[in-house]
2 protein chains.
Amino acid sequence: MRRLAVFVSDGTGITAETLGNALLVNFPAISFERYAFPFVDTAEEAELVVREIRDAADSGALPIMFTTVKAPAVRAVLDGAPAMILDLLSGPLTELERALGTTASEQLGQYHGVGDMERYFARMRAVEYALEHDDGQSLRGLDAADVVLVAPSRCGKTPTTMYLALRYGLRVANYPLTDDDYHGESLPAAVAPHRERCFGLTTNARRLSQVRHERRPDSRYASLEQCTYELRRAEELYHRFDVPFLNSANKSVEEMSVVILRWLQERDASRRDQREGTPSGVRSKGART
Amino acid sequence: MRRLAVFVSDGTGITAETLGNALLVNFPAISFERYAFPFVDTAEEAELVVREIRDAADSGALPIMFTTVKAPAVRAVLDGAPAMILDLLSGPLTELERALGTTASEQLGQYHGVGDMERYFARMRAVEYALEHDDGQSLRGLDAADVVLVAPSRCGKTPTTMYLALRYGLRVANYPLTDDDYHGESLPAAVAPHRERCFGLTTNARRLSQVRHERRPDSRYASLEQCTYELRRAEELYHRFDVPFLNSANKSVEEMSVVILRWLQERDASRRDQREGTPSGVRSKGART
């Protein structure tokens with residue numbers, strides 16, 4: 001069974017797509033053909049969308065349209081589309097107005113706008129920091145790191161680093177563990193002074209071997225034996241020096257990033273509490289955003 | 001006026017936060033204190049959340065809770081929180097069930113799960129590609145690029161490159177324009193063979209000067225005069241060689257990425273149409289996702 005699913009937004013469409021996909025995933029038996037229409041903020045743009053839906057939909061079942069468009073003039077045009085329309089914003093917005101006892105501002109959809117420039121600069125700086133400190137390239141400046149990701153090669157350090165920088169503006173360095181690092185009495189010299197910023201990654205040996213084979217087929221580096229060895233030693237290292245870690249094998253970059261962000265916020269909150277004499281752990285669960 | 005806003009999710013919380021924030025932005029007069037509770041997938045976790053909300057909320061107005069939690073046992077606990085609860089999923093899910101004439105699967109919330117591994121690998125490869133080709137570092141392998149971002153230094157190439165790689169798994173290289181590049185009879189030699197993959201960025205001179213001053217204060221490089229000159233020549237270059245471009249001054253990384261993704265998809269669709277003899281432009285608006 002196939003069905004057209006379209007996401008129509010007056011901005012980037014990220015809200016409509018994120019929630020729309022979270023809804024569609026509940027219907028695994030249906031294969032959805034997805035189209036995104038971002039930046040639909042005029043009646044003319046909306047007419048193009050309606051025309052395209054009409055062209056695509058003439059045979060078969062009624063398309064599903066997820067929309068976050070709020071401007072009434074634009075919505076009026078979209079309502080003419082031959083589609084089942086799910087307005088993702090207006091229902092909860094009405095509820096929210098009731099809860100807050102006030103009406104929503106007329107100035108809508110400014111979320112990803114000019115006001116985000118400061119955040120944008122912070123993220124740009126964080127990405128540059130990540131680039132400079134990727135794969136142990138530069139071990140200067142680790143004092144400025146929010147997090148130092150530590151792991152054997154190909155456990156997912158780099159994408160996680162970049163995602164944390166881009167989405168949360170965090171300064172993340174990363175350090176690749178090698179065979180030399182497993183025998184010392186301390187963490188590797190480069191990261192030992194920063195133990196409290198270190199976060200480890202591991203994965204499972206079969207997955208790691210598969211990923212490494214992609215890069216260097218049939219090498220010792222990619223062998224299951226070597227991968228098993230490195231992961232075991234890395235996990236021992238994390239345990240020995242009390243470095244928190246997680247297994248990237250069944251986690252997306254987003255999931256790993258949220259876990260790391262939460263750890264960071266809990267660590268900082270408990271430090272703050274210690275300074276201020278509040279018992280640690282009182283506010284340990286919710287991550288302030 | 002201050003108000004507590006909490007986001008409770010059984011996954012990363014990205015859906016709850018994205019839509020929740022899109023809703024809260026409609027109430028600019030209220031200052032929201034936001035807390036995220038990701039991975040709340042057991043009744044015990046939910047009890048911790050309820051306790052924290054109770055602790056935080058004892059004075060003042062009722063907190064707002066945005067949730068995407070679906071498991072009834074977990075929801076039942078959350079419903080006991082002293083908060084106004086906005087369920088972001090169940091309303092549209094019921095509508096969607098009606099539209100599709102079927103009930104939602106019991107297997108819920110698997111969106112960011114194991115099934116995404118292929119996508120995860122593609123994104124890892126794309127991030128690595130972006131790292132290798134950042135700032136003209138390696139000009140080999142541009143044949144494999146989906147996009148080559150071209151711009152003067154500090155116009156936002158790098159974060160846009162990384163975002164496109166991480167979110168969409170696109171292979172993006174970038175090339176920094178310098179004074180030497182503006183006088184030739186063609187695009188710079190390194191990118192000339194790839195004109196159809198090139199996408200330009202520009203910004204405004206005052207913003208660029210400000211960003212460059214951060215890196216090299218009071219340099220000629222950061223002077224308003226030099227920035228004005230470079231941006232003017234870069235834009236001339238884009239016009240002369242028919243390179244599409246956009247101004248990053250008032251755009252977030254997400255917005256730029258969506259514009260570039262859409263351009264890419266339109267370009268590929270029109271190529272496909274040319275090959276298949278379909279008039280180009282028929283499906284030019286919707287970006288298949």
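Residues numbered from 1 in each chain as written. Chains lettered and ligands numbered in written order. Predicted model: local features only at pLDDT ≥ 70, side-chain atom pairs only at ≥ 80, totals over all residues. Heavy atoms only, no water.

So, on to the confidence of the model for chain A. Low pLDDT means the predicted atomic positions in that stretch should not be read closely. Residue and element names in this part refer to chain A. Residues at a pLDDT of 70 or more form 89% of chain A, whose mean pLDDT is 85. Taking the mean pLDDT of every element in chain A, the minimum, 58, falls on strand E9 (residues 287-288) and the maximum, 97, on strand E7 (residues 198-202). Contacts for the low-pLDDT stretch residues 108-116, under 50 throughout, to residues beyond four places or in other chains number 10 contacts. (pLDDT = per-residue confidence, 0-100. Helix = DSSP H or I, 4+ residues; strand = E, 2+ residues; numbered from the N terminus. Contact = heavy atoms within 4.5 Å.)

Quick look at the pairing of strand E2 (residues 31-37) of chain B now. All names here are of chain B. Burial runs high along E2: 5 of the 7 residues are buried. Pairing of strand E1 (residues 2-8) with E2 involves 7 bridges; the strand directions are parallel. Among the inter-strand pairings, Leu-4 is bridged to a residue of E2, identified as Glu-33. With respect to chirality, the unit in which E1 leads through helix H1 (residues 14-24) into the neighbouring parallel E2 is right-handed. (Buried < 20%, exposed > 50% of the residue type's maximum accessible area, 1.4 Å probe, protein only. Pairing = 2+ DSSP bridges. Right-handed = clockwise from strand over helix to strand, strands pointing away.)

Listed by partner, the interface residues are 95 residues for chain B and 94 residues for chain A. Of the roughly 9000 Å² buried between chain B and chain A on both sides combined, carbon and sulfur atoms contribute 65%. The interface formed by chain B and chain A holds 6 salt bridges in total. One can count 6 residue pairs in polar contact (both at pLDDT 80 or more) joining chain B with chain A. Tallied by class, residues from the side of chain B that touches chain A come to 53 nonpolar, 17 polar and 25 charged. (Buried area = accessible area lost by both parts, 1.4 Å probe. Salt bridge = Lys/Arg side-chain N within 4 Å of Asp/Glu carboxyl O. Polar contact = N/O pair within 3.5 Å; in protein donor to acceptor, adjacent residues only side chain to side chain. Nonpolar A, V, L, I, M, F, W, Y, C, P; charged D, E, K, R; others polar.)

What follows concerns helix H8 (residues 224-240) of chain B. Residue and element names in this part refer to chain B. Over its 17 residues, H8 extends 24 Å from the first C-alpha to the last, a length consistent with the 24 Å expected when each residue adds 1.5 Å. Buried residues along H8 sit against strand E5 (147-152), strand E6 (172-177), strand E7 (198-202), helix H7 (205-215) and strand E8 (245-247). One or two steps after H8, the chain reaches Asp-242, where phi turns positive at roughly 60 degrees. (Expected span 1.5 Å × (residues − 1).)

The next point concerns the relation of the copies chain B and chain A. Rotating chain B by 180 degrees and translating it 0.0 Å along the rotation axis places it on chain A, where the RMSD comes to 0.1 Å. Both copies are brought into coincidence by an operation consistent with a two-fold rotation axis. Both copies contact each other with a shared surface, as 99% of the interface residues of chain B are interface residues in chain A too. (Least-squares fit on C-alpha atoms with pLDDT ≥ 70 in both.)

Residue and element names in this part refer to chain A. Look at the UniProt record and you will see "binding site: ADP" (unreviewed entry) annotated at Ala-151, Pro-152, Ser-153, Arg-154, Cys-155, Gly-156, Lys-157 and Thr-158. According to the relative accessible area criterion, Ala-151 is buried, its value standing at 0%. If we skip the residues at most four places from it in the chain, Ala-151 touches Lys-157, Tyr-175, Pro-176, Leu-177, Leu-201 and Tyr-238. Here Cys-155 lies in the loop between strand E5 (147-152) and helix H6 (157-168). Look at Cys-155 and you get buried, because its relative accessible area is 1%. (UniProt positions renumbered as here; feature names shortened; annotations may be inferred.)

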